[in-house]
Amino acid sequence: MTSAPKPPMRDTLVAAALQLFTEHGFEQTTVDDIVALAGVGRRSFFRYFPSKESVVFPDHEGCLREMTEFLADPEGDAADPVDRVGDAARLVLRMYTGDPEFSVRRYELTRQVPALRSHELSVVRRYERTLANYLRARFAARPDGRLRADVIAAAVVAAHNHALRTWLRSGATIDPDTEVDRALQYVTATWSDREDREPEGGDVPDDDVVVMVARRGTPMWRVVQGVQGVLE
């Protein structure tokens, strides 16, 4: 009878780190503790991970590469740019849903450790920058191309993260695809140039039109406030 194959060293280090962080706390756990539990040396740890924080996020580098390659694929040039970056964001969701138990444990740990939250935010910024760079190229001919690209990229990341957190808070018990589709629909309805785009709930009736008159130079927040007052 043959024994089951050992997991790759990288996976062993991740499992050891997560176990120690959960049992003893992130700050109280050292790299030496992790490698001792994993049964390897410090060199092996730093061959895979540059820091103690990064061991909690072992899959993001691969996902960033996948997103970059996806957006660089010329077959996507015919697609609506907003749809394309939405599909790219779904790659991140797929990474999380590939291992729900690990994702939920990591989410709970990250909420408790400021250093991990900071590390996660730095990764999120890299995703956003990747989306923005793609959109800047797609909107290069527009006078507002750079601004439009940056705003859409930020909106896609915000919508995706809202859906992802909703799924994680549920303990991975709800349908993540439904959540992210609903969230990204808000972005598509606002920014897509597709004629068939549709906001949440369907088309807006023709008689639901509000005309707002304001003086030149009126702050945008005041204009929005005025529209909201009419619609309430």
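Here goes a summary of the coordinates provided. (Residues numbered from 1 in each chain as written. Predicted model: local features only at pLDDT ≥ 70, side-chain atom pairs only at ≥ 80, totals over all residues. Heavy atoms only, no water.)

1. Some points on the overall build of the protein chain
Turning to step 1, where the next piece is worked out: A count of helical and extended segments in the protein chain gives 10 helices and zero strands.
Turning to step 2, where the next piece is worked out: Each helix and strand of the protein chain, ordered N terminal to C terminal, gives the series α-α-α-α-α-α-α-α-α-α.
Turning to step 3, where the next piece is worked out: The buried share among the 232 residues of the protein chain stands at 35%.
Turning to step 4, where the next piece is worked out: Counted over contacts in the protein chain with a minimum sequence separation of 6, partners at least 24 positions apart contribute 63%.
Turning to step 5, where the next piece is worked out: As displayed, the protein chain offers around 14400 Å² of accessible surface, 51% of which is attributable to carbon and sulfur atoms. (Helix = DSSP H or I, 4+ residues; strand = E, 2+ residues; numbered from the N terminus. Buried < 20%, exposed > 50% of the residue type's maximum accessible area, 1.4 Å probe, protein only. Contact = heavy atoms within 4.5 Å. Areas by Shrake-Rupley, 256 points an atom, 1.4 Å probe, with all protein chains shown as cover.)

2. A word on unusual backbone geometry
Turning to step 1, where the next piece is worked out: Look at A172: it is not a glycine, yet its phi comes out positive at around 65°.
Turning to step 2, where the next piece is worked out: Inspection of the secondary structure puts A172 in the loop between helix 8 (145-169) and helix 9 (176-191).
Turning to step 3, where the next piece is worked out: Classification of A172 by relative accessible area gives partly exposed; the value is 23%.

3. A look at the environment of A115
Turning to step 1, where the next piece is worked out: With respect to the element layout, A115 can be found in helix 7 (residues 114-138).
Turning to step 2, where the next piece is worked out: Residue A115 is classed as partly exposed on the basis of its relative accessible area, which comes to 25%.
Turning to step 3, where the next piece is worked out: For the pair formed by A115 and F26, sequence separation is 89 residues and the distance between their alpha carbons is 9.0 Å.
Turning to step 4, where the next piece is worked out: With residues up to four places along the chain from it excluded, the contact list for A115 reads F26 and E53.

4. Looking at the packing of aromatic side chains
Turning to step 1, where the next piece is worked out: Following the criterion strictly, the structure yields four aromatic pairs and no others.
Turning to step 2, where the next piece is worked out: With 5.7 Å between their ring centres and 50° between their planes, F45 and F49 make a pair best called tilted. Comparing F45 with F49 shows no difference in burial state: the two are buried.
Turning to step 3, where the next piece is worked out: Three or more aromatic residues link up through ring pairs in this structure, and these residues are F45, F46, Y48 and F49.
Turning to step 4, where the next piece is worked out: The ring of F26 carries the charged tip of K52 above its face, separated from the ring centre by 4.3 Å. (Phe/Tyr/Trp six-rings, centres within 6.5 Å; stacked < 30°, edge-to-face > 60°. Lys NZ or Arg CZ within 6 Å of the ring centre and 35° of its normal.)

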